[in-house]
Amino acid sequence: MTEFEPGTDLVSRLPLPSHVVVLADGKWRRGWLIGRDHEESGWTALVQYEGDDGTERTERLPADRIALPESNGPTEKAS
């Protein structure tokens, strides 16, 4: 089980744009859902996120790689 729970219907029901997390390059990243298409194979999402090199990326991902963020608060706990 991952820390986020992707759902294929999530992409179809969120307003555009929406803050999401995307599974890209093997890890979950914060990003924006900016578009969507329903294809024969299911929903795909047009998303923007920042890569490891700091460059903004825009790409289409399958809906099962899109999830809602846990919260809008800080992601690190204070020690």
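Owing to the predicted nature of the structure, the values given are computational and were not obtained by experimental measurement.

Participant: Would you explain the confidence of the model for the protein chain in this entry?
Facilitator: In regions of low pLDDT, the predicted coordinates are not meant to be interpreted in detail. For the protein chain, the mean per-residue pLDDT works out to 85, and 81% of the residues sit at or above 70. Scored below 50 in pLDDT, residues 73-79 makes two contacts in the model with residues more than four places away or belonging to other chains.

Participant: For this particular structure, what's the right way to read the side chain of Ser18?
Facilitator: By secondary structure assignment, the location of Ser18 is in strand 1 (residues 18-24). A polar contact of 2.3 Å, which involves the side chain of Ser18, links it to the backbone oxygen of Pro15. Excluding residues that lie within four positions of it along the chain, Ser18 makes contacts with Gly31, Trp32 and Leu33.

Participant: It is not clear to me how the nonpolar core should be interpreted in this structure. Could you clarify?
Facilitator: Where a protein is soluble and globular, its nonpolar side chains tend to be buried together. Ranked by internal contacts, the top residues of the largest apolar core, which has 13 residues, are Val20, Val22, Leu33, Ala45, Val47 and Ile66. Residue contacts for Ala45: discarding those within four places in its chain leaves Val11, Leu33, Gly35, Arg36, Glu59, Arg60, Leu61 and Ile66.

Participant: Explanation requested: the sheet that holds strand 3 (residues 42-50) in the structure shown.
Facilitator: Strand pairing within a sheet occurs via backbone hydrogen bonds; the two strands may be parallel or antiparallel. Pairing in this open sheet of five strands is antiparallel, and the strands run 4-3-2-1-5 from one edge to the other. Single-partner strands in this sheet number two, and they are strand 4 (56-62) and strand 5 (66-67). Here strand 1 runs beside strand 2 (residues 27-39); their pairing, made up of seven bridges, is antiparallel. Its bridge partner being in strand 2, Ala24 is matched across the sheet by Lys27.

Conventions we followed
- Each residue is numbered by its place in its chain's sequence as written, counting from 1.
- Restriction of local features to residues with pLDDT of at least 70 applies here, the model being predicted, together with a cutoff of 80 or more for giving and counting side-chain atom pairs; totals for whole chains, interfaces and linings are based on all residues.
- Just so you know, side-chain values use all the structure's heavy atoms and leave hydrogens and water out.
- The quantity known as pLDDT measures the predictor's confidence residue by residue, on a range of 0 to 100.
- Note on contacts: a residue pair qualifies if any of its non-hydrogen atoms lie within 4.5 Å across the two residues.
- What counts as a helix is a DSSP run of H or I of at least four residues, what counts as a strand is a run of E of at least two, and both are numbered from the N terminus.
- Nitrogen and oxygen atoms within 3.5 Å of one another constitute a polar contact, given that in protein one can donate a hydrogen and the other can accept it, and given that sequence-neighbouring residues count only through two side-chain atoms.
- For our purposes a nonpolar core is just a set of buried Ala, Val, Leu, Ile, Met, Phe, Trp, Tyr and Cys residues, chained together by side-chain atoms within 4.5 Å.
- Relative accessibility thresholds used throughout: buried, under 20% of the residue-type maximum; exposed, over 50%; partly exposed, between the two (1.4 Å probe, protein chains only).
- Strand pairing is assigned whenever DSSP detects at least two bridges linking the two strands.

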